[in-house]
Amino acid sequence: MSSRTPLIAGNWKMYKTVPEALETAEQLKEAVIDISGREIVISPPYVCLFPVAVALKGSNIVVAGQNVFWEDEGAYTGEVSPGMLKSAGCAYTIIGHSERRQYFGETNETVNKKIKMSIAAGLTCIVCIGELLEERETGRTFAVLETQLSEGLDGISAPQMAAVVIAYEPVWAIGTGKTATTAQAEEAHRFIRSRIEHAYGSEVSGTTRILYGGSVKPDNIDQLMAEEDVDGVLVGGASLKVESFSRIVHFVVLG
Ligand code: 13P
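Residues numbered from 1 in each chain as written. Predicted model: local features only at pLDDT ≥ 70, side-chain atom pairs only at ≥ 80, totals over all residues. Heavy atoms only, no water.

Undergrad: How would you summarise the site of the ligand if you had to cite specific residues and measurements?
TA: In the region of the ligand, the neighbouring residues are Asn11, Lys13, His97, Glu169, Ala173, Ile174, Gly175, Gly214, Ser215, Leu234, Gly236 and Gly237. The contact in question runs from an oxygen atom of the ligand to an N or O atom on the side chain of Lys13, over 2.8 Å. Glu169 places a side-chain nitrogen or oxygen 3.0 Å from an oxygen atom of the ligand. Coverage of the ligand by the protein chains reaches 97% of its 310 Å² of free accessible surface. Of the residues belonging to the shell around the ligand, the class tally is three nonpolar, seven polar and two charged. (Near = heavy atom within 4 Å. Polar contact = N/O pair within 3.5 Å; in protein donor to acceptor, adjacent residues only side chain to side chain. Areas by Shrake-Rupley, 256 points an atom, 1.4 Å probe, with all protein chains shown as cover. Nonpolar A, V, L, I, M, F, W, Y, C, P; charged D, E, K, R; others polar.)

Take a look at the structure:
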């Protein structure tokens, strides 16, 4: 097994009101109380972040934003800054999720600006990349990942990479029930690690965590985590229920 601490993150997307989020967080806290040596992150909607972070204080679960803006403050109606996320109790933020790229005009350039400002504010960034089905079918997966990485991480230094986690989320596997095979995930993760090594050297590439996302479920988590370059997962649907997310957090290390 690698020395990278496994990171299990739940992206709640636009699900749960404040009372529902609090109830889930309280139950999850009890369900994973036995876990150590694994990082657990949940990412509720913005309005739930502060109360959930307060409820989880002192637990082994930390809270992440699902998105962030690239300025500290200003007349940007509807946006939330990295410092605001931090003040609400977040340790992490997701950046560049494919749903933000697809529906809200997120680009590699905006991803890059958001990463820089978030690192400066002391947040760890979970940076999402991944190819569309059409890109995979036309043999462009690696080219797409390479562009997303080089443009998204442009100007990020080697020391700053300590605050970056990459999430490989093939768009065709998100919410579709179609998980990438473990071989497909490992192949993409190995490619991503090789690009990080090319840009930053082997020390950074050996310590950067690469998560897999896309229809992660209790019945495929153990196989995914057995892959050498899969350091954790970013879970959508299966993170909404305590029972399934707790099982994912309790993944079994296959011998
Ligand atoms: P699903 O686990 O629902 O496929 O969602 C994955 C995802 O988008 C996590 O960010």
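Having put the structure on the table, let's press on.
Undergrad: Account for the pattern of salt bridges, with residues named and values stated.
TA: Under the definition given, this model contains 13 salt bridges. With a shortest N-O distance of 2.7 Å, Arg4 and Asp231 are connected by a salt bridge. In this pair, Arg4 sits in the segment before β1 (7-11) while Asp231 sits in the loop between α10 (221-225) and β8 (232-235), placing the two residues 227 residues apart along the sequence. We classify Arg4 as buried; its relative accessible area is 13%. With its nearest N and O atoms 3.3 Å apart, the salt bridge here joins Arg140 to Glu134. Ionic contacts of the salt-bridge type, sharing partners, join the residues Arg4, Glu186, Arg190, Arg193, Asp229 and Asp231 into one network. (Salt bridge = Lys/Arg side-chain N within 4 Å of Asp/Glu carboxyl O. Helix = DSSP H or I, 4+ residues; strand = E, 2+ residues; numbered from the N terminus. Buried < 20%, exposed > 50% of the residue type's maximum accessible area, 1.4 Å probe, protein only.)

Undergrad: Describe in detail the sheet that holds strand β7 (residues 210-213), supporting the description with residues and values.
TA: Strand order in the closed barrel made by the eight strands is β1-β2-β3-β4-β5-β6-β7-β8, with parallel pairing throughout. Strand after strand, the sheet turns through a mean of 25° between neighbouring axes, direction not considered. Its contacts with the sheet place helix α11 (residues 242-249) against β1, β2 (39-43) and β8, and it is angled at close to 160° to β1. (Pairing = 2+ DSSP bridges. Axes fitted to C-alpha atoms, helices over the stretch in contact; angles between N-to-C directions. Contact = heavy atoms within 4.5 Å.)

Undergrad: Any chance you could break down the nonpolar core for me, citing the residues and the numbers?
TA: Ranked by size, the top nonpolar core spans 63 residues in total, and within it Ile42, Ile115, Leu153, Ile166, Ile192 and Tyr212 carry the most contacts. Here this core gets six residues from one element, more than from any other, and that element is helix α8 (residues 182-200). Ignoring sequence-local partners within four residues, the contact set of Ile115 consists of Ile95, Cys125, Val127, Gly152, Leu153, Ile156 and Val164. (Core = buried A, V, L, I, M, F, W, Y, C linked by side-chain atoms within 4.5 Å.)

Undergrad: Break down the side chain of Glu131 for me, citing the residues and quoting the values.
TA: Take Glu131: it is sitting in the loop between β5 (124-129) and α6 (133-137). Polar contacts involving the side chain of Glu131 include one to the side chain of Arg136, which spans 2.7 Å. Among the polar contacts made by the side chain of Glu131, one reaches the side chain of Trp172 at a distance of 2.9 Å. Apart from the residues lying within four places of it in its own chain, the contact partners of Glu131 are Arg136, Thr141, Val144, Leu145, Tyr168, Pro170, Val171 and Trp172.

Undergrad: So what's going on with the side chain of Glu135? Residues and values would help.
TA: Position of Glu135 among the secondary structure elements: in helix α6. This buried residue, Glu135, is left without a salt bridge; Arg140 holds the nearest opposite charge, at 4.9 Å. Polar contacts involving the side chain of Glu135 include one to the main-chain amide nitrogen of Leu132, which spans 2.8 Å. Among all residues touching Glu135, those that are not within four sequence positions of it are Arg140, Thr141 and Val144. (Lys, Arg positive; Asp, Glu negative; His and termini not counted.)

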